[in-house]
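Residue-level listing of the chains:
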Amino acid sequence: MGKAADLSEFDGGQIVMARRLGTSITETARLVGCSRSAVVSIHAKWINDDEPAVDAKMLVFHASSKKKGRRRLSRLVKQNQRQTVAQLTVQYNAGPSASVSEHTVQRTLLDMGLCSRRPTRVPLLTKRHRQLRLQWAREHRDWTMDEWKRVAWSDESRFLIHHFDGRVKVRRLPGKLLLPSCTAGHTQAGGGSIMLWGTFSWAALGPVVVVEQAMKAANYLNIIVDQLHPYMAFVFPTGNGIFQQHNAPCHKARIVLEWFEEYTDEFHLMSWPPHSPGLNPMEHIWDVMERQLRAQTPCPNISTLRDRCLDIWYNLSPVMYQKLVASMPRRVAAVLKAKGGATRY
C-alpha cells in the first residue's frame, strides 16, 4: 500500500474528493490503492491548510466526473425506478466509473430529488369519470368545516399475513407523481388475508368489522344495520349526519339503497364520484395501519393478524383522523385544479 509521501497530486485529489463525497476511509484507500493512514493524513492536511493541497485542474476534473456519475445514476434509475439503493450501487459499480458506497448513492439520489416513495394508486379515469369528479368537487367547494365534520367516512381494505403486496417503492422526481411508471399495478396476496370495513368522523372513531366472507349486498346491509346505524345515532343524535360510501356494487344494491331511503330522517347518504379513493380520508387510515403492521414481527396466522388490526384501529389518534377531515377542502381544491383528473391525494 502506498504511503502519503509516495502519492501523486492526482491521487491526493482523488482522496480529497472521495472524502468530500462521503466515501469511507477504507473505501477511499481501496479506490486510490494506498493505506488508510495515507488517506487520513492527506485529508487532514487538506482540512487544516489555508489552501487545499489540490490544484484547480484536479477540482475541475473531479467536478466533471461527478456530473458524469450523476447522469449515469439518473439513467440507471430511469431504467428501473423500483430498484433499492443497494441494487443501484451494484449496478453503478459494475460500470467504468470509480466505485462508490451505498451511502454516497443514497445521498446523491436525495440531492438529485430522486426520492423513494410508495407508488401512487391512481384509477383509470375516463372522460365521464372526470366530469363526475369535477361536478362533485364544484358542489362541495364551498363547504365549511362544520359541514365536513358531519360526515362519517367509510371504506373496506384487505390486509395480508405476509407484508408483500406488490407496493414496492418507486424513485420519482418532483412533478412525476402521476406518471404510469410511478403508479401501482395489481397487488399480490400471499399466506392469507382479512377484509376490514370501518367508519369514522371528526367526532369519534367508529366501529371496524372483520368481513368473514366476500362482501355481498346482504352482509353489507347487516353491517349498516348492526354497526353504522347505532354509530350515526350516537354521534349525530339530531339527524344531521351524512354517511359516505363509495360505489362498490354491494353499496348500490337495491336493498341497501332502500334501507338508506327509509332512514333518511336520521342521516343522509352522500353522493360519491366514481374512481375517487384519493378523496376518501379513510385511505390514509388504511395506510397508517399497514405501516404499523409492517413495523411488527410477521403475523403467524389469521387470528393474530385480526387481533393486531383491531388493536391498531382502536388506538388511532383522534388528532390524526381529525386532521384527515380538515384536509377535505384541499382535496376538493386539488380535483378542481386537475379539472376532475387524478390528484396526489
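Residues numbered from 1 in each chain as written. Predicted model: local features only at pLDDT ≥ 70, side-chain atom pairs only at ≥ 80, totals over all residues. Heavy atoms only, no water.

Named according to an unreviewed UniProt entry, the chain is Transposable element Tc1 transposase originating from Araneus ventricosus.

This brings us to the packing of helix 7 (residues 127-140) against helix 14 (residues 328-337). Axes are the key here: two packed helices are described by the angle between their axes and the distance separating the axes. Where helix 7 meets helix 14, the axes come as close as 9 Å, and the angle between the chain directions of the two elements is 135 degrees. Considering the angle they form, helix 7 stands oblique to helix 14. In this structure, the crossing between helix 7 and helix 14 has a hand that is left-handed. Contact residues: helix 7 offers Arg133, Leu134, Trp136, Ala137, Arg138 and His140, while helix 14 offers Met328, Val332, Val335 and Leu336. For the contact of helix 7 with helix 14, a count of residues per class yields 7 nonpolar, 1 polar and 2 charged. (Axes fitted to C-alpha atoms, helices over the stretch in contact; angles between N-to-C directions. Helix = DSSP H or I, 4+ residues; strand = E, 2+ residues; numbered from the N terminus. Parallel < 35°, antiparallel > 145°, perpendicular 65-115°, else oblique. Left-handed = near helix turned anticlockwise from the far one by under 90°. Contact = heavy atoms within 4.5 Å. Nonpolar A, V, L, I, M, F, W, Y, C, P; charged D, E, K, R; others polar.)

Mapped onto the elements of the fold, Arg158 is located in strand 2 (residues 151-160). Given a relative accessible area of 43%, Arg158 falls into the partly exposed group. Taking the C-alpha atoms as reference, Arg158 lies 6.3 Å from Leu196; in sequence the two are 38 residues apart. With near-sequence residues (within four places) excluded, Arg158 lies in contact with Ser193, Ile194 and Met195. A polar side-chain atom of Arg158 sits 2.9 Å from a polar atom in the side chain of Ser193. (Buried < 20%, exposed > 50% of the residue type's maximum accessible area, 1.4 Å probe, protein only. Polar contact = N/O pair within 3.5 Å; in protein donor to acceptor, adjacent residues only side chain to side chain.)

For the rest of this paragraph, the subject is unusual backbone geometry. You will see that His275, though not glycine, has its phi angle at about 50 degrees, which is positive. Within the fold, His275 resides in the loop between strand 7 (267-269) and helix 11 (282-295). For His275, a relative accessible area of 39% puts it in the partly exposed group. In this structure, Lys339 takes a positive phi of about 55 degrees despite not being glycine. For Lys339, the location among the structural elements is in the segment after helix 14.

Our focus in this paragraph is empty space enclosed by the protein. Over the atoms rolls a probe the size of a water molecule, and in doing so it shows where empty space is left. According to the stated counting rule, one finds 1 cavity of 30 Å³ or more in the structure shown. Of the voids in this model, the largest cavity is the one considered here, and its volume is about 30 Å³. Thr23, Glu27, Arg30, Leu31, Ser99, Val100 and Ser101 together form the lining of the largest cavity. Residue classes in the lining of the largest cavity are distributed as 2 nonpolar, 3 polar and 2 charged. (1 Å grid on protein atoms, 1.4 Å probe; cavity = no way out; pocket = protein on both sides within 12 Å on 5 of 7 lines; lining within 4 Å. Points joined across faces, edges and corners; volume = space filled by probe spheres on them.)

Right, let's talk about the sheet that holds strand 6 (residues 241-243) for a bit. Ordered in space as 5-4-2-6-7, the 5 strands form an open sheet in which the pairing is mixed. Two strands lie at the open edges of the sheet, namely strand 5 (205-211) and strand 7, each paired on one side alone. The average angle at which neighbouring strand axes cross in this sheet is 25 degrees, direction not considered. As judged from the 5 bridges shared by strand 4 (residues 193-200) and strand 5, these two strands associate in the antiparallel manner. Looking across to strand 5, one finds that Met195 is bridged to Val211. Of the strands in this sheet, strand 2, strand 4, strand 5, strand 6 and strand 7 are in contact with helix 9 (residues 217-235), which crosses strand 5 at around 160 degrees. Along the sheet face, helix 12 (residues 302-313) touches strand 2, strand 4 and strand 5 and points at about 15 degrees away from the line of strand 4. (Pairing = 2+ DSSP bridges.)

The subject of this paragraph is the packing of aromatic side chains. Under the counting rule described, the total for this entry stands at 13 aromatic pairs. Between Trp143 and Trp148, the ring centres sit 4.7 Å apart and the planes meet at 50 degrees, which makes this aromatic pair tilted. Residue class for Trp143 comes out partly exposed when judged on its relative accessible area of 21%. With centroids separated by 5.8 Å and ring planes inclined at 25 degrees, the aromatic side chains of Phe243 and Phe260 adopt a geometry described as stacked. (Phe/Tyr/Trp six-rings, centres within 6.5 Å; stacked < 30°, edge-to-face > 60°.)

Now for the nonpolar core. Ranked by size, the top nonpolar core spans 37 residues in total, and within it Trp148, Trp153, Phe159, Leu196, Ile285, Met289 and Trp313 carry the most contacts. Of all the secondary-structure elements, those providing two or more residues to this core are helix 7, strand 2, strand 4, strand 5, helix 11, helix 12, helix 13 (318-326) and helix 14. For this core, the element with the highest residue contribution is helix 11, accounting for 6 residues. Those residues in contact with Trp148, other than ones at most four positions away along the chain, are Trp136, His140, Trp143, Trp153, Met270, Val325, Met328, Pro329 and Val332. (Core = buried A, V, L, I, M, F, W, Y, C linked by side-chain atoms within 4.5 Å.)

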